[in-house]
Each structure stands twice: as structure tokens, then as C-alpha cells.
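Observations on the model geometry
In case you want the letters, here they are:
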Amino acid sequence: MSVNKDIKRVTVHTLKSMKEKGEPISMLTAYDFSMARILDEAGIEVLLVGDSASNVMAGHETTLPITLDQMIYHASSVIRAIQRALVVVDLPFGTYQGNSRKALASAIRIMKESGAHAVKLEGGYAVQNSIRRILKAGVPVMGHLGLMPQSIYKFGTYVVRAKEEQEAEQLRSDAKLLEEIGCFAIVLEKIPGELAKEVAKSVSIPIIGIGAGPDVDGQVLVTHDMLGITKEFRPRFLRIYTDLYEQITNATHQYIKDVKSRDFPNEKEAY
Ligand code: KIV
């Protein structure tokens, strides 16, 4: 097991020093108390209350419908479970773009009402005023560049981003800008590994990849994908560690069988 027991409580400073030491950062999503407790006790460093809750928990096709109230509900459930991990919460679509006052109000609601430790939002140059304002209020911000699911209708598809030089150049300068204005880390989603490597080398803050190759400072996956609970989502970057869909199905079949045959409950399971 490779959990660093010296780290009692993960902070944004812990992540910076992990990058400096070359120690990879592990991050997974969590949306509820029970799962968050398992992941935290297993030693994960960062838990992301991602707006992927919109897909995974609520069954929407995109991340766009989830609301700030719903994100706060998920985040406060996660916060009640954790003892060690840093908890980062996504600002949902429509709560930070365009109006930096609104962005600050959204971030403050998340921090105050859920007890989370940081927020994440998608974009670089276009949302810099929002990021600056949130940072000025003392709220740590994680950036998110590359494939940005909140912009899916602009991109049109979920294909690899920044393959063309112009988009790659924009991403390089957005990453530099996020570092300069004070973000504590950046998620890079679904971009060529060589570009992610270059960006990770060029900035002093941790770069956490998802579909961004091995040469970054940490990795993040959607927990339900890596546990094999979601069935339809099988991108090349996803490693599936267990097949919980099958295990839960088998357990449910057995339960139904036991109920139908009156095997359950037995004498010891009754009062
Ligand atoms: O919402 C989410 O789960 C995310 C990860 C894919 C990084 O933003």
C-alpha cells in the first residue's frame, strides 16, 4: 500500500509539496457520505465533488442541469465523511461565467453551506475575473482546461482537445495565467500526453490529468467509472478496477431468490 501516512490532513500546500517531491497525487470523485468515507479511509488525497454528479447520480446526459443547491447537498454529505482528504467542489454551469460578483457569491455559498475546502471551475482567460475575485476572498481555486464538459455544446463532441496548434497554444497560455493569478492546481482533461507533459513542466502548481497521459503530477477518475458501476462510458483513458455492476447485480439476484424461497430471513435474522 502506498498511502503516505505522514500526511494527516491534505491541504493545498500538501499538494504543492507533493509536486515538488515528485510524489503523484491521487484524486477521485465523490458525491455521497458512504462512498466518500470509503475513499477517504483508503487514503485518497483529493475528493472532487464533481458536477459529473449530474450524469452519475442524476442520470442527465450532460453536466449542465445540476444546480448550486444540489452541488451543496452532495458536498456537505462528502464533508461529513472525511477526515483526511482535501475536498474540492465544482462550481456548476451558470454560477460563475460572465459575472464575477455572482461567481464569488456561488463560491461563498459552497464554502459556507457545505464546509468544502476549495472550488473548481472550467476555463482560463474567459473566466479570469471570476477566479481573481474568488481568490481575493480567500477561497482556493482549482482550474480545469482541455475538454470542459460544461462547454459541450460549443465543442460539439467529447473528442480529444488541443490537437491543433492554435488550441494547444491557447491552453498553454491559459495554464500560465491560472498559475499567475493564484490557482492552486489545474485539471487537464482529454488532451495529448505530450502537451500535458509540457504544461506540467512549465508551471509550479500541480497538474492533475484525466485522459492526459502519465507525465503529469496526479490523476483523477470518476469513481463510478473506475469501479465499473457505470456501463456505457468506456473511453480509452479509463482503467476499470472492479466490476461493481456485475457484483451488485449478482447480490441482488441472490437476495431476490432468498426472498422468493423464504430462505431470508432465517431464525437468527428475526426477533
Ligand atoms: O465533474 C467531474 O467529475 C470532473 C472530473 C472529470 C475532473 O470535473
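Because the structure is a prediction, the values reported are computed rather than measured. (Residues numbered from 1 in each chain as written. Predicted model: local features only at pLDDT ≥ 70, side-chain atom pairs only at ≥ 80, totals over all residues. Heavy atoms only, no water.)

A separate point is the overall build of the chain. Scanning the chain for helices and strands turns up eleven helices and eight strands. For 271 residues, the compact-globule formula gives about 18 Å, and the C-alpha radius of gyration of the chain, at 20 Å, lands near that figure. Each principal axis of the C-alpha atoms in the chain carries an extent, and together these give about 65 × 40 × 40 Å. By residue count, 51% of the 271 residues in the chain fall in the buried class. Intrachain contacts of the chain at a sequence separation of at least 6 include 58% that bridge at least 24 residues. Accessible area of the chain: about 14400 Å², with a carbon and sulfur share of 53%. Side chains of the chain give 33 positive and 33 negative charges; the mean places of these two sets differ by 4 Å. (Helix = DSSP H or I, 4+ residues; strand = E, 2+ residues; numbered from the N terminus. Rg over C-alpha atoms; globule rule 2.2 N^0.38 Å. Buried < 20%, exposed > 50% of the residue type's maximum accessible area, 1.4 Å probe, protein only. Contact = heavy atoms within 4.5 Å. Areas by Shrake-Rupley, 256 points an atom, 1.4 Å probe, with all protein chains shown as cover. Lys, Arg positive; Asp, Glu negative; His and termini not counted. Charge placed at Lys NZ, Arg CZ, Asp CG, Glu CD.)

All right, on to the pairing of strand β2 (residues 46-49) then. Here β2 shows two buried faces, one formed by V46 and L48 and the other by L47 and V49. Bridge count between strand β1 (residues 25-29) and β2: three bridges; the pairing is parallel. Considered in β2, the bridge of L28 is made with L47. Where the polypeptide runs from β1 across helix α2 (residues 33-42) and back to β2, its parallel neighbour, the crossover connection is right-handed. Bridge analysis of β2 against strand β3 (residues 86-90) gives four bridges, and the strand direction is parallel. (Pairing = 2+ DSSP bridges. Right-handed = clockwise from strand over helix to strand, strands pointing away.)

Attention shifts here to the sheet that holds strand β4 (residues 118-120). Overall, parallel pairing links the eight strands, which are arranged β1-β2-β3-β4-β5-β6-β7-β8 in a closed barrel. Here the average twist between neighbouring strands, direction ignored, is 25 degrees. (Axes fitted to C-alpha atoms, helices over the stretch in contact; angles between N-to-C directions.)

Direction vectors running N to C along helix α6 (residues 128-136) and helix α8 (residues 165-181) enclose 20 degrees, while the axes themselves pass 10 Å from each other. Taken together, the axes of α6 and α8 lie roughly parallel to each other. Of the two elements, α6 crosses α8, and the hand of that crossing is right-handed. For the pair α6 and α8, contact is made by Q128, I131, R132 and L135 and by L177, L178 and I181, respectively. Class assignment for the residues of the contact of α6 with α8 results in five nonpolar, one polar and one charged. (Parallel < 35°, antiparallel > 145°, perpendicular 65-115°, else oblique. Left-handed = near helix turned anticlockwise from the far one by under 90°. Nonpolar A, V, L, I, M, F, W, Y, C, P; charged D, E, K, R; others polar.)

A word on the domain arrangement of the chain. Interfaces are often sized by the accessible area lost when the parts come together. Here the domain parsing of the chain yields domain 1 (12-240) and domain 2 (244-271). Relative placement of domain 1 and domain 2: their C-alpha centres are 39 Å apart. (Domains from an automatic or database assignment.)

On to the site of the ligand, then. Taken together, T29, L48, G50, D51, S52, D90, K120, H144, V187, E189, I210 and V222 make up the full set of residues adjacent to the ligand. With respect to the ligand, the side chain of D51 contributes an N or O atom lying 3.0 Å from an oxygen atom. The contact in question runs from an oxygen atom of the ligand to an N or O atom on the side chain of S52, over 2.5 Å. Alone, the ligand offers 260 Å² of accessible surface; in the complex the protein occludes 95% of this. For the shell around the ligand, the class distribution of residues is four nonpolar, four polar and four charged. (Near = heavy atom within 4 Å. Polar contact = N/O pair within 3.5 Å; in protein donor to acceptor, adjacent residues only side chain to side chain.)

Turning our eyes to something else, we now look at the packing of aromatic side chains. The way to describe two aromatic rings as a pair is by their centre distance and the angle between their planes. All chains considered together, the criterion is met by two aromatic pairs. For the pair F233 and F237, a centre-to-centre distance of 6.4 Å together with 70 degrees between the ring planes defines the contact as edge-to-face. For F233, a relative accessible area of 40% puts it in the partly exposed group. (Phe/Tyr/Trp six-rings, centres within 6.5 Å; stacked < 30°, edge-to-face > 60°.)

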